[in-house]
Amino acid sequence: MAVPGRLVGHHIHRNSFSFLIHHYQQLWTHRSFGWTAALRQQAAEANKESTDTIVIPRKKTWSKEAVLEALGSTVSRDPTAYPYQFQDDPYLSPRTSSEFKLYSLSQESGKSAAKYFVNSNPKFFTKDFAEPHIPCLMPETVALLLEEVSEEALKERINLRKVKAAVDMYDQLLQAGTAVSVETTHEMLDLICLYGDRDPVEEGGPQPEDTEESGEEVRRRKSRFRRASDLLRTTWRENNNAERIFNLLPERDTRCYSALIRGMVKHGAYAKAFSMYTDMLNNRMIADIHIFNALITAAPDVRDKYNERWDLLTELLNQMRQQKVQPDLLTFNSILKALRRCGSLAKTQALYTLSEMKALGIAPSLASFYHILAVFTKAAASGQGSTDILQEMISELAGTSFTCQDPDDVLFFSSAMRVCLDNKDLELCYKVHSLVERGENWRLLGDSYQQTFYYGRFFNLLCLMEHIDEVLKWYRRLIPSVYYPNPQGLRDLLQALDTDSRLDLLPTIWKDIRTLGHDNKSDLVEELLTLMARDTHSPEVQESFAACALDVKRVFDGDRGRPPLEWSTPSLSHITSLLLRANKTQQAWETLQLFKSRNRVPDEVLLEDFLSACRSDGSPERAVELVQLSAAFCLSATPRLATRTLAEFDVTEEQRTVLSELESTGEPRD
């Protein structure tokens, strides 16, 4: 599988992805591992055996949910409503990202606790009033009913996932000289290897106490600089029950080896998994597809150099061909995932792998495209290569509805939107989102956190590149029905409003900031005040800005029982300036007094503006107090303010004396 020299370092350009795939398909017809030829031979034999008889079904079978699905297709999502999972109790519907996290965790915790109580006390839930009967909502049997030593009792413990109890029963059967069937032994090994020789933690139930594990966890926490892979390797304990039972078996077949190898890979014992595979080959056994998939996943962890990792992958693929094991989708996805850790080899070999998938008639899943996109994103220094490859992917996937076939399928859309954001490609961004909205593809956005990443990147790109009217349309469409924006998302929205000169909408955005619970972010609040105070607007806009400034002031003072924000000099200056422009001199004066109480120095320009407001109001007393306040801060503008006050105001003799002294010295009298 060496790469032809003329293809090394080949760059991907727009409209070349399909050409390369076709080119690599031609190469694979001569260089494949034999899977393509074998499938073609099987298809030819099947065609010879088939007849021309057409079987017509006697009736059409409808699913039980067909009517509900048809009704559901007639309605669309309400953009003003909160996510559907929070609509049971509108009063408790989360309105902020923190409330969303708390509500989600509480909801899952409540479900787990209820499930644990129902399953632990089934005698209290014997009545079934549901019509129609829904078995999945009825209590499960979790208590052990068979106490005698028998294979049936062992099967019961296996079905209930009681690992330790199953191991004890298995040992008792061996001590009693009772043979255990091969099928039960396989299920026993699968159970132990799946859970790493430990009982699974029951949802909602008490956590098991394990002093040895607790001590190990303490040691792990103390080892702050240990690699994550090292921590994973400690989860597969040496000579555990799985290995002990495996060594006691008189005869071992492929299924037994498969259970142990997959368990070792799952729990981090990669080198041991390859050693077990070598032992299986020495015993002249043939591996199954699950063994190869697990070993391909673990291959990058047992080799250090990139070329050695690819050589090991190639060796495993050749062994699959020799043992006549046909690959499946997970096999190719495992190869693509492993290639992400193969350095410069990954780019070309990923296209080889994709061409082989298509030659075998295996349709790539979203995880396949996710891994290929990750390979090209890492290889492209400027990011242009990742944009081109994503463009070709979206063109190929356009109009397709997906179902989840690989756990990594849910990572594609978020990764694709990150590529769009990094390269500021708005057109491609819309194409990706159009694919998400196709059918029920939105289900492959992943959990709530993955959805937050996707919609956050989508909204950030809109704020950077789209017209403000489009941004606001999407803002109303996404929030809060599918997305709770973080402070950075709202900051991008403020910048978009500034770019398109729509600062008159800032008071409305401030209301949303308060509703979303981000009014405790000082940086965000100060940026809002800066934008409102930067320029002078019409009287109507200045009036709305002043009302907004007073509401912001209440936040700084600790409104709604929340801790107050720390006053800064810019925030005090901006609020005072906004109130002055709306002719709210009294509220502005109260805010100005906070400079002294908070030990903040006012800006000289602000004092000049305030003096002009005092002249408009005809208030010489406040003008004199303003000059004295400036003198208290020892500002250089004090003499100039005193001169203006003497010239522009009708002051008393006492006030004139004070102002004359401040005009000459700039310092207040004792």
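Residues numbered from 1 in each chain as written. Predicted model: local features only at pLDDT ≥ 70, side-chain atom pairs only at ≥ 80, totals over all residues. Heavy atoms only, no water.

Caption draft 1: A look at the overall build of the chain. When you go through the chain residue by residue, the secondary structure sums to 32 helices and zero strands. Burial statistics for the chain: of 670 residues in total, 45% are counted as buried. About 36400 Å² of surface is accessible on the chain, with carbon and sulfur atoms providing 52% of the total. (Helix = DSSP H or I, 4+ residues; strand = E, 2+ residues; numbered from the N terminus. Buried < 20%, exposed > 50% of the residue type's maximum accessible area, 1.4 Å probe, protein only. Areas by Shrake-Rupley, 256 points an atom, 1.4 Å probe, with all protein chains shown as cover.)

Caption draft 2: The arrangement of empty space enclosed by the protein in detail. Throughout the structure, instances matching the rule amount to three cavities of 30 Å³ or more. In this model, the largest cavity occupies a volume close to 60 Å³. Taken together, Arg514, Asp519, Asn520, Val555, Asp559, Arg562, Pro563 and Leu565 make up the lining of the largest cavity. Taken together, the residues of the lining of the largest cavity break down into three nonpolar, one polar and four charged. (1 Å grid on protein atoms, 1.4 Å probe; cavity = no way out; pocket = protein on both sides within 12 Å on 5 of 7 lines; lining within 4 Å. Points joined across faces, edges and corners; volume = space filled by probe spheres on them. Nonpolar A, V, L, I, M, F, W, Y, C, P; charged D, E, K, R; others polar.)

Caption draft 3: Region of interest: the environment of Asp197. Mapped onto the elements of the fold, Asp197 is located in the loop between helix 7 (182–194) and helix 8 (211–222). The buried category is assigned to Asp197, whose relative accessible area is 8%. Taking C-alpha positions, Asp197 is 6.8 Å from Asn240, a pair spaced 43 residues apart along the chain.

Caption draft 4: The arrangement of the pattern of salt bridges in detail. Under the defined criterion, the tally for this structure stands at 30 salt bridges. Among the ionic pairs, Arg255 bridges to Asp190, the shortest N-O distance being 2.6 Å. Residue Arg255 is found in helix 11 (residues 254–266), and its partner Asp190 is found in helix 7; the two are separated by 65 residues along the sequence. We classify Arg255 as partly exposed; its relative accessible area is 35%. (Salt bridge = Lys/Arg side-chain N within 4 Å of Asp/Glu carboxyl O.)

Caption draft 5: Expanded view of the packing of aromatic side chains. Evaluated as defined, the whole model comprises eleven aromatic pairs. Judged by centre distance (4.3 Å) and plane angle (20 degrees), the rings of Phe556 and Trp567 are stacked. Placement of the pair is Phe556 in helix 26 (residues 539–556) and Trp567 in the loop between helix 26 and helix 27 (569–581), with a sequence separation of eleven residues. The residues Phe556 and Trp567 share a single accessibility class, namely buried. Site record: aromatic cluster; members linked through ring pairs are Tyr430, Tyr454, Tyr455, Phe458 and Trp474. Lying across the ring of Phe246, Arg252 places its NZ or CZ 4.8 Å from the centre. (Phe/Tyr/Trp six-rings, centres within 6.5 Å; stacked < 30°, edge-to-face > 60°. Lys NZ or Arg CZ within 6 Å of the ring centre and 35° of its normal.)

Caption draft 6: Main features of the nonpolar core. Judged by nonpolar contacts, the single largest core of 174 residues is most densely connected at Phe412 and Phe413. Ranked by residue count, the leading element in this core is helix 26, at eight residues. Beyond its immediate chain neighbours, meaning those up to four positions away, Phe413 contacts Leu366, Phe402, Val432, Leu435, Val436, Asn441, Leu444, Leu445 and Tyr454. (Core = buried A, V, L, I, M, F, W, Y, C linked by side-chain atoms within 4.5 Å. Contact = heavy atoms within 4.5 Å.)

Caption draft 7: Region of the structure containing a negative patch on the surface. Taken together, the side chains of Asp304, Glu308, Asp311 and Glu315 make up a negatively charged region of the molecular surface. Its location among the elements puts Glu308 in helix 14 (residues 306–322). For Glu308, a relative accessible area of 33% translates into the label partly exposed. (Patch = residues over 30% accessible without salt bridge, like charges linked within 9 Å, V, L, I, M, F, W, Y side chains within 5 Å. Lys, Arg positive; Asp, Glu negative; His and termini not counted. Charge placed at Lys NZ, Arg CZ, Asp CG, Glu CD.)

Caption draft 8: Local environment of the packing of helix 12 (residues 270–282) against helix 13 (residues 289–298). Two numbers describe how helix 12 lies on helix 13: the axes approach to 10 Å, and their chain directions differ by 140 degrees. Between helix 12 and helix 13, the angle is such that the two are oblique. Judged by the twist between their axes, the crossing of helix 12 over helix 13 is left-handed. Within the contact between the two elements, helix 12 uses Tyr270, Ala273, Phe274, Tyr277 and Met280 and helix 13 uses Ile291, Phe292, Leu295 and Ala298. Its residues placed into classes, the contact of helix 12 with helix 13 shows nine nonpolar, no polar and no charged. (Axes fitted to C-alpha atoms, helices over the stretch in contact; angles between N-to-C directions. Parallel < 35°, antiparallel > 145°, perpendicular 65-115°, else oblique. Left-handed = near helix turned anticlockwise from the far one by under 90°.)

Just distances and angles here, no functional claims.
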